[in-house]
Amino acid sequence: MSDRFDAIVIGMGPGGEVAATRLIDGGMKVAVIERELIGGECGYWACIPSKTLIRPAEARWEARRPPE
Ligand SMILES: Cc1cc2nc3c(=O)[nH]c(=O)nc-3n(C[C@H](O)[C@H](O)[C@H](O)COP(=O)(O)OP(=O)(O)OC[C@H]3O[C@@H](n4cnc5c(N)ncnc54)[C@H](O)[C@@H]3O)c2cc1C
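Thresholds, definitions, all that
- Residues numbered from 1 in each chain as written.
- Predicted model: local features only at pLDDT ≥ 70, side-chain atom pairs only at ≥ 80, totals over all residues.
- Helix = DSSP H or I, 4+ residues; strand = E, 2+ residues; numbered from the N terminus.
- Rg over C-alpha atoms; globule rule 2.2 N^0.38 Å.
- Buried ≥ 20, exposed ≤ 12 C-beta atoms within 10 Å, placed from the backbone.
- Contact = placed C-beta atoms within 7 Å.
- Pairing = 2+ DSSP bridges.
- Right-handed = clockwise from strand over helix to strand, strands pointing away.
- Near = placed C-beta within 6 Å.

**Quick notes on the overall build of the chain**
Here is step 1: Regarding its fold elements, the chain presents three helices and two strands.
Here is step 2: Its C-alpha radius of gyration of 20 Å places the chain more than 25% over the 11 Å reference for a compact globule of 68 residues.
Here is step 3: Out of the 68 residues in the chain, the part that is buried amounts to 1%.
Here is step 4: Restricting the contact set of the chain to residue pairs at least 6 apart, pairs at least 24 apart contribute 39%.

Below, the structure written as structure tokens:
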């Protein structure tokens, strides 16, 4: 690999973060490479934003629905 690192993790989404953390916890020197945003898609435009956008519309629809 190199004199400086034991492992290189490419991509710092949730998967890369877990991989890097486990390698570090195991005593390895780890380099990480990310081409866009640390955290991957989940925090920026997938899991969290989608729930923030979708849930209020669902709650509004449920509140307007007549009781069965
Ligand atoms: C709309 C939407 C809603 C979602 N909601 C949920 C949810 O509620 N719960 C849930 O568990 N999951 C949800 N997901 C899925 C979740 O976002 C993914 O499962 C998760 O982000 C995958 O993580 P990952 O690390 O594998 O990939 P990613 O998050 O895609 O991260 C990969 C990273 O690698 C980088 N990368 C890629 N290629 C290279 C390269 N050659 N060099 C350097 N960096 C590179 C990218 O820039 C990116 O940052 C949702 C997805 C979407 C699209």
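Following the structure, the description resumes.
**Section: the pairing of strand 2 (residues 30-33)**
Here is step 1: Note: strand 1 (residues 7-10) against strand 2, four bridges, orientation parallel. Within strand 2, the residue paired with I8 across the bridge is A31.
Here is step 2: As for the winding sense of the linkage, the β-α-β connection from strand 1 through helix 1 (residues 14-25) to strand 2 is right-handed.

**What to know about the site of the ligand**
Here is step 1: Within the structure, the ligand sits among 18 residues, and G11, G13, G15, G40 and A46 are positioned closest to it.
Here is step 2: Put simply, the parts of the chain that give the shell around the ligand at least two residues each are helix 1, helix 2 (40-44) and helix 3 (47-64).

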